[in-house]
Amino acid sequence: MSFENFVRHARRHPSLLSEDQRKQLAAGQKPSALFIGCSDSRVIPSHITGAEPGTLFELRTAGNVVPKYAPDSGSSEMGTIEYAVLQLGIPDIIVCSHSHCGAVTAMTIAGRGLDELPALCTWLGTDSLVEATPEDAAVRTESKRHLRAQLDTLREYPFIRDRVESGQLRLHGWFYEIDTGLVYVAPESSNDEDFLPL
């Protein structure tokens, strides 16, 4: 679709929601989950989850990276997580990684192809990596390993740790296969290697 066609479509269809739905959304939000996913255009949270507008609070980052908790040098990612948990009181956080991830591929092969993207290299932390060859071109194993690391980072946020321990918040790891459309769930125990179909 060309940009001109996109604009014409948007003008003809300003919203797919009814007037009542728009009024309800305008009154405030009460999302049921924070969805942390990759910025990849092939990964669309509402398509994966079937979520209606207003039900998912979304955070999309390159490689679904969750930054280390450092409130004195806050980022939009930390701010989004903090707002979702402390202000909106969401009960569930889903971190979703995916197959064929360019960011995970770059991290696996020590930033190959990112020479012209220093900010992205810093974000992904590719400077300290040793070059390796992915186990498969879709980087499934590496993406699942990366997903576990992001969940571990989230657990280090003090307000998340407190809410998880008190039962107010649940963390979920999902792996989305672009080529099959299937979603797999990370096991609760990090010792268990098997991701199960959702």
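Quick note: structure is the one above.
Residues numbered from 1 in each chain as written. Predicted model: local features only at pLDDT ≥ 70, side-chain atom pairs only at ≥ 80, totals over all residues. Heavy atoms only, no water.

1. A short note on the overall build of the protein
So, step 1. Each helix and strand in the protein was counted, giving eight helices and six strands.
So, step 2. For the protein, the proportion of its 198 residues judged to be buried stands at 37%.
So, step 3. Sequence separation of 24 or more characterises 64% of the internal contacts of the protein that already satisfy a separation of 6 or more.
So, step 4. When the accessible area of the protein is evaluated, it comes to approximately 11600 Å², of which 52% is carbon and sulfur surface. (Helix = DSSP H or I, 4+ residues; strand = E, 2+ residues; numbered from the N terminus. Buried < 20%, exposed > 50% of the residue type's maximum accessible area, 1.4 Å probe, protein only. Contact = heavy atoms within 4.5 Å. Areas by Shrake-Rupley, 256 points an atom, 1.4 Å probe, with all protein chains shown as cover.)

2. Re the packing of helix α4 (residues 76-87) against helix α8 (residues 158-166)
So, step 1. Where α4 contacts α8, the axes come no closer than 10 Å and their chain directions differ by 35 degrees. The interaxial crossing formed by α4 with α8 has left-handed handedness. Mapping the contact onto sequence places Ile81, Glu82, Val85 and Leu86 in α4 and Phe159, Ile160 and Arg163 in α8.
So, step 2. For the contact of α4 with α8, the residue count by class is five nonpolar, no polar and two charged. (Axes fitted to C-alpha atoms, helices over the stretch in contact; angles between N-to-C directions. Left-handed = near helix turned anticlockwise from the far one by under 90°. Nonpolar A, V, L, I, M, F, W, Y, C, P; charged D, E, K, R; others polar.)

3. Regarding the packing of aromatic side chains
So, step 1. All chains considered together, the criterion is met by five aromatic pairs.
So, step 2. Judged by centre distance (6.4 Å) and plane angle (80 degrees), the ring pair of phenylalanine 35 and tryptophan 174 falls under edge-to-face. A residue pair is termed long-range when its members are at least 10 positions apart, and phenylalanine 35 in strand β1 (residues 33-38) and tryptophan 174 in strand β4 (residues 170-176) qualify at 139 residues. Across this residue pair, the class does not change: phenylalanine 35 and tryptophan 174 are buried.
So, step 3. Between tyrosine 69 and tyrosine 157, the ring centres sit 4.9 Å apart and the planes meet at 45 degrees, which makes this aromatic pair tilted. Residue tyrosine 69 is found in the loop between β2 (56-61) and α4, and its partner tyrosine 157 is found in the loop between α7 (140-155) and α8; the two are separated by 88 residues along the sequence.
So, step 4. By relative accessible area, tyrosine 69 is classed as partly exposed at 28%.
So, step 5. According to the relative accessible area criterion, tyrosine 157 is buried, its value standing at 0%. (Phe/Tyr/Trp six-rings, centres within 6.5 Å; stacked < 30°, edge-to-face > 60°.)

4. Some remarks on unusual backbone geometry
So, step 1. Although it is not a glycine, asparagine 64 sits at a positive phi angle of roughly 45 degrees.
So, step 2. You can see asparagine 64 is positioned in the loop between β2 and α4.
So, step 3. The phi dihedral of histidine 100 falls on the positive side, at around 55 degrees, and the residue is not glycine.

5. Some remarks on the pairing of β4
The side chains of a regular strand alternate, residue by residue, between the two faces of the sheet.
So, step 1. With five of its seven residues buried, β4 lies for the most part within the structure.
So, step 2. Two elements, strand β3 (residues 92-98) and β4, share seven bridges in a ladder whose sense is parallel. Bridge pairing in β4 places serine 97 opposite phenylalanine 175.
So, step 3. Direction of pairing for β4 relative to strand β5 (residues 183-185): antiparallel, over a ladder of three bridges. Paired with tyrosine 176 across the bridge in β5 is valine 183.
So, step 4. With antiparallel pairing between neighbouring strands as the criterion, β4 and β5 make up a hairpin whose turn holds six residues, including glycine 181 at a positive phi of roughly 80 degrees. (Pairing = 2+ DSSP bridges.)

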